[in-house]
Amino acid sequence: MRAAYDFSPLYRSMVGADHMAELIQNALKGGGGGDHPPYDIEKIGVHAYRITLATAGFRKDELEITAEPNLLVVRGRKTAEGAAGHVLHRGLAQRDFERRFELADHIVVRDAAYADGLLTIELEREMPEALKPRTIEIGRPAGGTLSRLMDTRRRPRKAA
């Protein structure tokens, strides 16, 4: 049994909440590609994360990582390879996959590595300079931009 959530109060009081509500609804739906391949998400620092996918049976050239705004897509595509012998049992998953990860704002992919059947993707939150806190110097009222602006508003306009 799944509960339906009404996010309309967010829309009344927050601009841009529709994106957040969509993320929450998608997370509540679950799904998103089943459980293949299994993965871990770790927080490895204040602003750093690591995603590790178990991709046993795939070669490095059969994996593709695509970073889009607020989305990371990992794909595995098996290439046709000639079987050297008759396989009696195949326990390793050999099917193609696509795994999508919704990323928060300002999360960027820093690095990716593949070793021992594990694909590791390093992510980091990168705040733009415009969003970082900054100190504003308090200037003198006389001669500043604000006082010049106020002076032009007080003066009557000349008729043309």
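The structure under discussion appears in the preceding block.
Scoring rules and cut-offs
- Residues numbered from 1 in each chain as written.
- Predicted model: local features only at pLDDT ≥ 70, side-chain atom pairs only at ≥ 80, totals over all residues.
- Heavy atoms only, no water.
- Helix = DSSP H or I, 4+ residues; strand = E, 2+ residues; numbered from the N terminus.
- Buried < 20%, exposed > 50% of the residue type's maximum accessible area, 1.4 Å probe, protein only.
- Polar contact = N/O pair within 3.5 Å; in protein donor to acceptor, adjacent residues only side chain to side chain.
- Contact = heavy atoms within 4.5 Å.
- Core = buried A, V, L, I, M, F, W, Y, C linked by side-chain atoms within 4.5 Å.

In the Ramachandran plot, Asn 70 falls in the positive-phi region, its phi being about 65 degrees despite a non-glycine side chain. Among the structural elements, Asn 70 can be located in the loop between strand E3 (63-68) and strand E4 (71-76). Although it is not a glycine, Asp 116 sits at a positive phi angle of roughly 55 degrees. Turning to its location among the elements, Asp 116 is positioned in the loop between strand E6 (107-115) and strand E7 (118-125). Taking the relative accessible area as the measure of exposure, Asp 116 reaches 79% and is therefore exposed.

This next bit is on the side chain of Arg 75. With respect to the element layout, Arg 75 can be found in strand E4. A polar atom in the side chain of Arg 75 sits 3.4 Å from the side chain of Thr 66. A distance of 2.8 Å separates the side chain of Arg 75 from the side chain of Glu 98, its partner in a polar contact. Among all residues touching Arg 75, those that are not within four sequence positions of it are Glu 62, Leu 63, Glu 64, Thr 66, Phe 97 and Glu 98.

Here we take up the nonpolar core. By size, the foremost hydrophobic cluster in this structure holds 13 residues, and its most contacted members are Ile 51, Leu 53, Leu 72, Val 74, Ile 121 and Leu 123. Where this core is concerned, the elements lending two or more residues are strand E2 (48-54), E4, strand E5 (97-102) and E7. Sorting elements by how many residues they give to this core places E7 first, with three residues. Setting aside residues up to four positions removed in sequence, Leu 53 forms contacts with Pro 37, Pro 38, Tyr 39, Val 74, Arg 99, Phe 101, Gly 117, Leu 118, Leu 119 and Ile 121.

Treat this as a map of the structure, not an account of what it does.
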